Amino acid sequence: MLQQVNGHSSGSDAHGRESLREDLQEFLGGEAPLHQLDDLTKVNPVTLETVMSPFEPEFAKGTSASVLRCLQARYTADTFYTNAGCTLVALNPFKPIPQLYSPELMQEYHAAPQPQKLKPHIFTVGEQTYRSVKSLIEPVNQSVVVSGESGAGKTWTSRCLMKFYAVVAASPTSWENHKVAERIEQRILNSNPVMEAFGNACTLRNNNSSRFGKFIQLQLNRAQQMTGAAVQTYLLEKTRVACQASSERNFHIFYQICKGASADERLQWHLPEGAAFSWLPNPERTLEEDCFEVTREAMLLLGIDAPTQNNIFQALAGLLHLGNTRFADSGNEAQPCPLMDDAKCSVRTSASLLRLPEDPLLETLRIRTIRAGRRQQVFRKPCSRAECDTRRDCLAKLVYARLFDWLVSVINSSICADPDSWTTFIGLLDVYGFESFPTNSLEQLCINYANEKLQQHFVAHYLRAQQEEYTAEGLEWSTVSYQDNQTCLDLIEGSPVSICSLINEECRLNRPSSAAQLQTRIESSLAGSPCLGHNKLSREPSFIVVHYAGSVRYHTAGLVEKNKDPIPPELTRLLQQSQDPLLKVLFPADPEEKSQEEPSGQSRAPVLTVVSKFKASLEQLLQVLHSTTPHYIRCIKPNSQGRAQMFHQEEVLSQLEACGLVETIHISAAGFPIRVSHRNFLERYELLRRLCPGAAPSPHGPPPDEGRSEGEKRRELATPGRWGREVWGGCRALPSQWRHPQEWSPHSEQATLQALLQDILHTLPALARAPAEATPAPVHCGRTKVFMTDSTLELLERGRAQVLEQCARCIQGGWRRHRGRKQERQRRAAVLIQAAVRSWLTRKHIQRLHAAATVIKRAWQEWRIRMAFLASKELDGVEEQHSSQVTCSPSSFPLPQAQTRLLGAVTRFWPLGLVLANAAVGARGFRRKLVVFACLPLPVGSPSSYTVQTAQEQAGVTSIRALPQGSIKFHCRKSPLRYADICPEPSPDTVTGFNQILLERHRLGHV
């Protein structure tokens, strides 16, 4: 068999293998390449590679092997995200890929009508959560749980999700809102580098491992715009400040200030080049996270000014110098431990940087204060060398923990919104991954305990709850077995006896606890648990816990002391005496705190241990998660070396099995992810019954279409009232027992529901454009809910959109018809109004003209009579003089009759001629004469028989009246005639006065 496996089989076996390969190729010919499968639920359990590789180990068989090979093919093709039912699997590429997280790609996923149709991505999960919060029907708070081992890429995934939410949820409509949203977005994004600098460190598995857990609450208002955020942290690994494992580093911020400080800052903080610090291991390693300027700029944008930053970095430098303080053994127990020779300068520098008095600092580190007796007598006892080191480490951990909590509060005050300004939130949980090191203590126990609780939340929410719901609803379902970690949780936190309860009990006992004694108690009290293991060959006291992700060995040495986390009161009092402004804020002089730190021996309260506080905060976190709709992202680490394009199948498969992804794929492939209650289903999709011509009528709906022609049906469809009654009156289409609860009956409800559901299901073949026989039943009706797949939901939504589009078109047609009729009526009314107004204006205008003409006529008649009278009176004198001259002249003779009539006409009509001549503006010379001739009704005759001459053409003219003194102006009323109010300019050739009548006496007399 081994020879065949190694390739030394006979020719017949080789021929059989080729024949089997051809048969499998024909059987699997329609299968898509593995790297093109975006969802692991579509992976064929029987693949060619699985069957043709008998030398593979047992774990590479069946579905697990198919999933594993699909992930490996996609990882080789630089495709790092794959769907696994309700979970997104994210493989760590271990190399930068900027185009995979560009702002353009964010906008593409945000603007896509169906983002699930695009390639799997963390932006797909982000957009789904954002649209679920944005839903107007029932907005529910969302949460994204990012889990995985240390180094799998959880921190990077959380960072990209925060950036995505900050981009898509900051879309204000005004410029001022845009500035506010941009400021909030920058502050939320700037909180990441600050928290990573103070809370992340380089471990054996990850260069940027989160040493604390955080739950980020992104707050949205009613318009789904981000108004702020809040950060809640869990269990900072503060012991890393004073104790680092081999090949690991301290928090990033210590390396940043040592490598990025300027020359002046180094001089101020006493950090010379090449200085060695015992709490700063592996300083020669340079990481991407050692960027001091990014941290300082982010702190500045969060509202932490430069002086405050200087105080922070000065205190951190003081902690580094405090770590170089080492004590020697004291020969006399009554004397405190002396300092090492090279430690005196470190104590002096640390006290100077922390602005503490040097002597009280040394006294507090080396001498312990004890209160005993009823009178609370104070005793001072020198500490041993180990106790001095412990008190030194406790002082450093206390300062760093208070500083970290203060930074979190500053960040929250900078980015948190007013409670009244936001209504919903999206939670983003980034916790430390499952850890297993050569030496594991209380920190690893708490971290793995948190991962167990989150795994139980996933199992309870998806695996167990989903299958129980299928069974309760009466669906035909074969239960899928899965790994339940409840037994392990009972071992860690169960009641009445568990690992946590035993550790807390050791802390409450007023006696020294040994590691061997704690191991014995755990093994004897919890011997019946299947998740508790034993390692009899180990020389160090320890116990083994079989977690869902593997077995971990925990050392009991120092476990009780870390759980107590004692803070000597004299350390707190010492820090309250500091003159540093930052330490004054971190350690205020509070009398209540002092009274709590020094309780009496008889009324001592129970000790609040680290495990108790962590358990309480974890329960609070799970309550928040249970109140939201969770979304899961499983980060997978392809290899433990952190190299790109390296895929270790054993490591990946162990992670897939540990987090229950294989069972998730089974349930998702055979289950129904969409569940809608009966009422909501009918309210939303009852309209689809229109698409089925033979649909049964609703119990309270319109009559059927039987016996009516197509024209009548079309006319009815075109009636807006019918559509309005059925489309927008959705409640009227519901069964009567829902509209009238008093008439409710279970049997009638089920019968009515089944009839309505059958009508709706009959529309699915038409929507899928396939015959009814070829369409499977993708919808199942349970007792209270309707279960369906994503493809069925897409078909139903497409049909609903089609019906609503028809409704919209019909409503638009009716509205346009109504608007056209209304506009026509308005046009006719406007024409009538315009005609009436124009008629009225015309009548008024004619009336004004008639009145003006009457006034002019009356005034003209009066003036003519007056002028005629005056003219006749003056002419009488001229005629008498002329007649006397005629009688005296021998050559004179009497005038003929025609000339006499001419003289009378001139006498009667001269005023009218003068008026018209004066109106001829601009007429000069002969033209003005023609005007005069045309105006005067002179008899027809020879033009040479009479002559009219102006005053400029002859001399010796006598005026019949005296010339007026000055110019004469006419004042007439407003006239509707054009140019009636314009007074012409006087000219030398025009008549300027009515009394300037110039006559040629001698020629007139001889005519």
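Criteria and cut-off values
Residues numbered from 1 in each chain as written. Predicted model: local features only at pLDDT ≥ 70, side-chain atom pairs only at ≥ 80, totals over all residues. Heavy atoms only, no water. Axes fitted to C-alpha atoms, helices over the stretch in contact; angles between N-to-C directions. Helix = DSSP H or I, 4+ residues; strand = E, 2+ residues; numbered from the N terminus. Parallel < 35°, antiparallel > 145°, perpendicular 65-115°, else oblique. Left-handed = near helix turned anticlockwise from the far one by under 90°. Contact = heavy atoms within 4.5 Å. Nonpolar A, V, L, I, M, F, W, Y, C, P; charged D, E, K, R; others polar. Core = buried A, V, L, I, M, F, W, Y, C linked by side-chain atoms within 4.5 Å. Buried < 20%, exposed > 50% of the residue type's maximum accessible area, 1.4 Å probe, protein only. Pairing = 2+ DSSP bridges. Phe/Tyr/Trp six-rings, centres within 6.5 Å; stacked < 30°, edge-to-face > 60°. Lys NZ or Arg CZ within 6 Å of the ring centre and 35° of its normal. Polar contact = N/O pair within 3.5 Å; in protein donor to acceptor, adjacent residues only side chain to side chain. Arc of directions from axis to C-beta. Salt bridge = Lys/Arg side-chain N within 4 Å of Asp/Glu carboxyl O. 1 Å grid on protein atoms, 1.4 Å probe; cavity = no way out; pocket = protein on both sides within 12 Å on 5 of 7 lines; lining within 4 Å. Points joined across faces, edges and corners; volume = space filled by probe spheres on them.

*Asks:* Give me the lowdown on the packing of helix α16 (residues 442-472) against helix α24 (residues 610-626), citing residues and values where you can.
*Replies:* Contact pair α16 / α24: the axes reach a minimum separation of 11 Å and the direction vectors enclose 20°. In terms of their interaxial angle, α16 and α24 are classed as roughly parallel. Judged by the twist between their axes, the crossing of α16 over α24 is right-handed. On α24, the residues touching L442, C446, Y449, A450, K453, L454 and H457 of α16 are V610, V611, F614, K615, L618, E619, L622, L625 and H626. Among the residues making up the contact of α16 with α24, the classes are represented as 11 nonpolar, two polar and three charged.

*Asks:* Quick one: what's the story with the nonpolar core, residue by residue and with numbers?
*Replies:* One finds F198, I253, I312, L316, Y400 and I633 to be the most contacted residues of the largest nonpolar core, which totals 125 residues. When residues in this core are grouped by element, the largest group, 15 residues, is from helix α15 (residues 385-415). Y400 has contacts with F198, L236, V241, F251, I253, F254, L316 and L319, leaving out every residue within four places of it along the chain. Counting 53 residues, the second largest nonpolar core, distinct from the first, contains Y432, V459, L502 and L621.

*Asks:* Describe helix α18 (residues 499-508), and please don't skip the residues or the numbers.
*Replies:* For α18, a buried count of seven out of 10 residues is recorded, marking the element as mostly surrounded by other parts of the structure. Residues of α18 that are buried include every one of I499, C500, L502, I503, N504, E506 and C507, and no others. Where α18 is buried, its residues touch α16, α17 (486-493), α19 (515-525), β12 (542-547), α20 (559-564) and α24.

*Asks:* How would you sum up the sheet that holds strand β17 (residues 785-788)? Please name residues and give values.
*Replies:* With antiparallel pairing, the three strands of this open sheet are ordered in space as β15-β17-β16. In this open sheet, the two edge strands, each paired with only one partner strand, are β15 (674-677) and β16 (779-781). With strand direction ignored, the average angle separating the axes of adjacent strands in the sheet is 20°. Sheet topology places β15 next to β17; four bridges connect them, and they run antiparallel.

*Asks:* I'd love a proper account of the packing of aromatic side chains, names of residues and values included.
*Replies:* Across all of its chains, the model carries 18 aromatic pairs by this definition. For the ring pair Y101 and W156, a centre distance of 5.5 Å and an interplane angle of 80° mean the geometry is edge-to-face. Remark: W156 occurs in helix α7 (residues 154-168) and Y101 occurs in the loop between β2 (87-91) and α5 (103-111); sequence separation between them is 55 residues. Since its relative accessible area comes to 42%, W156 is described here as partly exposed. A connected cluster of aromatic rings, assembled from ring pairs, spans Y101, Y109, F123, W156, F164 and Y165. It is R249 that lies over the ring of Y255; its NZ or CZ is 3.9 Å from the centre.

*Asks:* I'd love a proper account of unusual backbone geometry, names of residues and values included.
*Replies:* In terms of backbone geometry, most residues other than glycine have negative phi values and most peptide bonds are trans. A cis amide bond, omega 5°, links S495 with the succeeding residue P496. Along the chain, P496 turns up in the loop between α17 and α18. With a phi close to 55°, F94 is a non-glycine residue in the positive phi region. Within the secondary structure, F94 is located in the loop between β2 and α5. For D565, which is not a glycine, the phi torsion comes out positive at approximately 50°. D565 sits in the buried class, given a relative accessible area of 18%.

*Asks:* Outline the pairing of strand β13 (residues 550-555), listing residues and values.
*Replies:* Regular strands show a simple pattern: their side chains alternate between the two faces of the sheet. In this sheet, β13 lies alongside β12 in antiparallel orientation, the contact comprising six bridges. Of the residues in β13, the one forming a bridge with S542 is H555.

*Asks:* Which residues make up the side chain of K214, and what values do they have?
*Replies:* Examined against the element boundaries, K214 turns out to sit in strand β6 (residues 213-220). Residue classification places K214 among the buried residues on the basis of a relative accessible area of 5%. Separated by 2.9 Å, the side chains of K214 and D430 make a polar contact. Beyond its immediate sequence surroundings of up to four residues, K214 is in contact with M195, V231, Q232, T233, Y234, L428, L429 and D430.

*Asks:* So what's going on with the sheet that holds β13? Residues and values would help.
*Replies:* Pairing within the open sheet is antiparallel, and its three strands lie in the order β11-β12-β13. The open sheet has two free edges, formed respectively by β11 (532-533) and β13, since each of these has just one partner strand.

*Asks:* Can you explain helix α11 (residues 292-301)? Please cite residues and give values.
*Replies:* Along α11, the residues classified as buried are F292, T295, R296, A298 and M299. With its buried residues spanning 165° around the axis, α11 presents them on a single face. What points out from α11, more than 90 degrees from its buried face, is the exposed set E293, E297 and L300. Directly beyond the C-terminal end of α11, a positive phi value near 100° is found at G303.

*Asks:* Which residues make up the environment of F94, and what values do they have?
*Replies:* What makes F94 partly exposed here is its relative accessible area of 23%. C-alpha separation for the pair F94 and Q641, spaced 547 residues apart in sequence, amounts to 9.7 Å. Those residues in contact with F94 that sit more than four places away from it in its chain are Y75, G151, K637, P638, N639, G642, R643 and A644.

*Asks:* Any details on the pattern of salt bridges? Residues and values, ideally.
*Replies:* Scanning all chains against the criterion turns up 30 salt bridges. One salt bridge in this structure joins E237 and R211, with 2.5 Å as the shortest N-O distance. Of this pair, E237 sits in the loop between β7 (226-234) and α9 (252-260) while R211 is found in the loop between β5 (209-210) and β6, placing the two residues 26 residues apart along the sequence. The class of R211 is buried, set by a relative accessible area of 1%. Of the charged contacts in the structure, one is a salt bridge between R385 and D329, with a shortest N-O distance of 3.8 Å. Taken together, the positions of R385 in helix α15 and D329 in the loop between α12 (306-323) and α13 (344-354) put the pair 56 residues apart, joining distant regions of the chain. Residue classification places R385 among the partly exposed positions, given a relative accessible area of 35%. Where salt bridges share partners, they join R211, E237, R240, E248 and E435 into one cluster.

*Asks:* Could you give me a rundown of the pairing of strand β14 (residues 629-636), with the residues and numbers involved?
*Replies:* Among the eight residues of β14, seven are classified as buried, and the element is accordingly described as predominantly covered. Bridge analysis of β2 against β14 gives five bridges, and the strand direction is parallel. If you follow T87 over to β14, its bridge partner there is Y632. The sheet contact formed by strand β3 (residues 142-148) and β14 spans seven bridges and is parallel. Looking at β14, one finds that S143 is bridged to P630.

*Asks:* Give a description of empty space enclosed by the protein that names residues and reports values.
*Replies:* If you roll a probe as big as a water molecule over the atoms, it shows you where there is empty space left. Going through the model one piece at a time under the given rule, you end up with six cavities of 30 Å³ or more. Each pocket or cavity is described by its volume, and for the largest cavity that value is around 120 Å³. What lines the largest cavity is simply S147, G148, E149, F434, Y548, A549, R634, C635, I636, Q655, A658 and C659. Mapped by element, the contributors of at least two residues to the lining of the largest cavity are β3, β14 and α25 (649-658). Element by element, the count of residues in the lining of the largest cavity is highest for β14, at three residues. Of the residues belonging to the lining of the largest cavity, the class tally is seven nonpolar, three polar and two charged.

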